[in-house]
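Observations on the model geometry
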Amino acid sequence: MALDHGLKETARKQESMGVCFLGGTNYREFLAQKQENNELTIHPGEIVDEEGNKLGTHRGLAFFTIGQKKGLALPDKKFFVKEMEPDTNRIIVSKTASLSTATLSLQEFNLTPDLQENKKYQVNIRIRGIDKVPSLPGFITLHSNKLKVDFEEEAWGITPGQSIVFYQKDTVIGGGLVKP
């Protein structure tokens, strides 16, 4: 399509994926640079276990995601991020919590076809945006302005704020944001 419009340079470029406009900079470096330039305020906070015991400190919630182990700088490397509390600026870590789920419910979503109430539709589900993680098979069912999402196998590490997109074959039929 780019060639059809005379955009030869654009046609040679690879497709943008993930955090696509950072020019090779990873997002943590990008955030750190914005913070150094006073364009963004990110506050350090506590890392606590599930009982609330302080284990360490973090450099800012924006640098972490649910399920992450790398970068916690804790002596015990078996901890992973279980939860993040924006109100207290704390990261709660665990060694044993389950981050797997077989179902979730969306209250805010968009669907392109009109779906019948209480009817299950087979879909492929993308959770982590545009990346190399494959889609997961599952079902969606509309119930009183809520969309129930059932995974055929448990999905790991679904995080509030992530996009969730539903496909039937190669066609996007809807999506929404995972809420806490």
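Computed from a prediction, not measured in an experiment: that's the story for all the values here.

What follows covers the overall build of the protein. When helices and strands are tallied, the protein shows two helices and eleven strands. Reading the protein from its N end, one meets helices and strands in the order α-α-β-β-β-β-β-β-β-β-β-β-β. Here the contacts in the protein between residues at least 6 apart in sequence split such that 47% fall between residues at least 24 apart. Carbon and sulfur atoms provide 50% of the accessible area of the protein, an area that totals close to 12,300 Å².

When glycine is set aside, most residues are seen to have a negative phi, and most peptide bonds are trans. Phi is positive for Asn89, close to 60 degrees, though the residue is something other than glycine. Overall, the relative accessible area of 17% leaves Asn89 in the buried class. The phi dihedral of Asn145 is positive, around 65 degrees, even though this residue is not glycine. Mapped onto the fold, Asn145 is located in the loop between strand 8 (136-143) and strand 9 (146-156). Judged by its relative accessible area of 66%, Asn145 falls in the exposed class.

Once that is clear, we can look at the sheet that holds strand 2 (residues 54-58). Pairing is mixed across the open sheet formed by four strands, whose spatial order is 2-1-4-3. Only two strands of the sheet have a single partner each, and these edge strands are strand 2 and strand 3 (80-85). If you compare each strand with its neighbour and ignore which way they point, the axes differ by 30 degrees on average. The pairing of strand 1 (residues 45-48) with strand 2 spans four bridges and is antiparallel.

On average, the protein scores 86 in pLDDT, and the residues at 70 or more come to 89%. For the protein, the element scoring lowest by mean pLDDT is helix 1 (residues 8-12), at 74; strand 1 scores highest, at 97.

Its place among the elements puts Ser94 in strand 4 (residues 90-94). On the basis of relative accessibility, which here comes to 1%, the residue Ser94 falls in the buried class. A polar side-chain atom of Ser94 sits 2.8 Å from the main-chain amide nitrogen of Ala97. Here Ser94 is in contact with Glu50, Lys78, Phe79, Phe80 and Lys82, once residues within four sequence places are set aside.

If you look at the biggest cluster of nonpolar residues, it comprises 18 residues, and the most contacted ones within it are Ile125, Ile140, Val149, Phe151, Ile164 and Phe166. Listing elements by their share of this core, those giving two or more residues are strand 5 (100-106), strand 7 (120-126), strand 8, strand 9 and strand 10 (163-168). Per-element tally for this core: the top contributor is strand 9, with four residues. Filtering out sequence-adjacent residues up to four positions away, Ile125 remains in contact with Ser135, Leu136, Gly138, Phe139, Val149, Asp150, Phe151, Ile164, Val165 and Phe166. Phe63, Ile66, Leu72 and Val93 belong to the second-largest nonpolar core, a separate cluster that totals 17 residues.

Thresholds applied
- Residues numbered from 1 in each chain as written.
- Predicted model: local features only at pLDDT ≥ 70, side-chain atom pairs only at ≥ 80, totals over all residues.
- Heavy atoms only, no water.
- Helix = DSSP H or I, 4+ residues; strand = E, 2+ residues; numbered from the N terminus.
- Contact = heavy atoms within 4.5 Å.
- Areas by Shrake-Rupley, 256 points an atom, 1.4 Å probe, with all protein chains shown as cover.
- Buried < 20%, exposed > 50% of the residue type's maximum accessible area, 1.4 Å probe, protein only.
- Pairing = 2+ DSSP bridges.
- Axes fitted to C-alpha atoms, helices over the stretch in contact; angles between N-to-C directions.
- pLDDT = per-residue confidence, 0-100.
- Polar contact = N/O pair within 3.5 Å; in protein donor to acceptor, adjacent residues only side chain to side chain.
- Core = buried A, V, L, I, M, F, W, Y, C linked by side-chain atoms within 4.5 Å.

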